[in-house]
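Descriptive structure summary
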Amino acid sequence: MNFLTVKLIGIKPKNQLSSKSSKHKYIKQNKQLFGDEIYLRPLKISNDSKKVKIHDSWYKELKKEFEKEYWKNLSSQIKDLYKNKIVYPKPSLMFNALNSTPLNSVKAVIIGQDPYHGEGQANGLSFSVNNGISIPPSLVNIFKELKSDINIQKPNSGNLQSWADQGVLMLNTVLTVEKDNANSHKGIGWEIFTNRIVEIVSSSLQSVVFILWGKQAQSFKDIIDSSKHLIITSVHPSPLSVHRGFFGSKPFSKTNNFLVENGIEPIDWKLK
């Protein structure tokens, strides 16, 4: 049955798409995913086609994941969620972190929790928001530390795309979220996938900086080879914890010092 003919029945969740016209509009806006990617199509696809639209460097390493049972279950759930609810980021940006930062270009990894859940905020990069969106409190604190650490003034935009383009893998632990419902997709399978991404970076690359802010990000520490990578940890930049060790942790200068010491071009942290 074509998705456009599916009728939603029963009581609509609070953030469920409320009308046929709005549903059609949402699908049109996100046509990169609907009908074209694994989430909203069957797994019957030719062997020479990608099942997920991600950069070739990542697909080569991750394609076995897409055959596993957890991924099939995750795909099915995400498919239904995008059909029935408002989910962020828009589908074409779900894998923005992987598509912006090819595996062989990764210099650093900043691990977040899940995407921002407000309208227009999420762009598929951890801690980052789209241009024109108010800068969230955690990102405000990141910019304060950026100023204190390496004297870069707070930018007007919270879009961190230029960091990703330079080799900073801005990876959320969970890649999707429902509108106005933080952590709503926690535990449905994304954590297995992102764990595998971190394992691949750790095992296949040399001299990468892993920036782990908060307990959830630090849960990745055990799968990172600290004998060849630098691990920087502190409390989360949230206003609830920022004064307990985030300010003064100097993650940006520590990252660049390590990269330079290992003959790698440093990151230009100044946002354009």
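The notes below deal with the structure included here. (Residues numbered from 1 in each chain as written. Predicted model: local features only at pLDDT ≥ 70, side-chain atom pairs only at ≥ 80, totals over all residues. Heavy atoms only, no water.)

1. Focus: the overall build of the protein
When you go through the protein residue by residue, the secondary structure sums to nine helices and six strands. Within the span of the protein, comprising 272 residues, buried residues form 51% of the whole. For the protein, long-range pairs separated by at least 24 residues make up 65% of all intrachain contacts whose partners lie at least 6 apart in sequence. Total accessible area computed for the protein in this model is approximately 13,400 Å², and 49% of it derives from carbon and sulfur atoms. (Helix = DSSP H or I, 4+ residues; strand = E, 2+ residues; numbered from the N terminus. Buried < 20%, exposed > 50% of the residue type's maximum accessible area, 1.4 Å probe, protein only. Contact = heavy atoms within 4.5 Å. Areas by Shrake-Rupley, 256 points an atom, 1.4 Å probe, with all protein chains shown as cover.)

2. Observations regarding the pattern of salt bridges
Applying the stated criterion to the full structure yields six salt bridges. The partner of D56 in a salt bridge is K50, and the shortest N-O contact between them spans 2.4 Å. With relative accessibility at 52%, the residue D56 sits in the exposed group. In this structure, the salt-bridge partner of K51 is E67, at a minimum N-O distance of 2.3 Å. One end of the pair, K51, is in the loop between α1 (20-29) and α2 (56-62); the other, E67, is in the loop between α2 and α3 (69-84), with 16 residues separating them in the sequence. You can call E67 partly exposed: its relative accessible area is 44%. Each of the salt bridges in this network shares a partner with another, and the network as a whole consists of E65, K68, R196 and E199. (Salt bridge = Lys/Arg side-chain N within 4 Å of Asp/Glu carboxyl O.)

3. Points about the nonpolar core
W58, F95, W163, L169, W190, F193 and V201 are the most contacted members of the largest nonpolar core, which has 70 residues in total. If we skip the residues at most four places from it in the chain, W58 touches L98, T101, P102, L103, V106, L169, I197, I200 and V201. (Core = buried A, V, L, I, M, F, W, Y, C linked by side-chain atoms within 4.5 Å.)

4. Considerations on the sheet that holds strand β5 (residues 209-213)
The four strands are arranged β3-β2-β5-β6 in an open sheet whose pairing can be described as parallel. Edge positions in the sheet fall to β3 (168-172) and β6 (230-234), since each has one partner strand and no second. Across the sheet, the axes of successive neighbouring strands diverge by a mean angle of 15 degrees, strand direction being ignored. Relative to β5, strand β2 (residues 108-112) runs parallel, the two being bridged by four bridges. When the sheet's bridge partners are listed, I110 is paired in β5 with I211. Sitting on the sheet, helix α9 (residues 251-261) touches β2, β5 and β6, and the angle it makes with β5 is about 165 degrees. (Pairing = 2+ DSSP bridges. Axes fitted to C-alpha atoms, helices over the stretch in contact; angles between N-to-C directions.)

5. Describing the pairing of β2
When a strand is regular, its side chains alternate between the sheet's two faces. In terms of burial, β2 is largely enclosed, as five of its five residues are buried. Alternating positions in β2 separate into two faces, A108, I110 and G112 on one and V109 and I111 on the other, with burial throughout. Pairing analysis gives five bridges linking β2 to β3, with the strands arranged parallel. Across the sheet, V109 pairs through a bridge with L169, a residue of β3.

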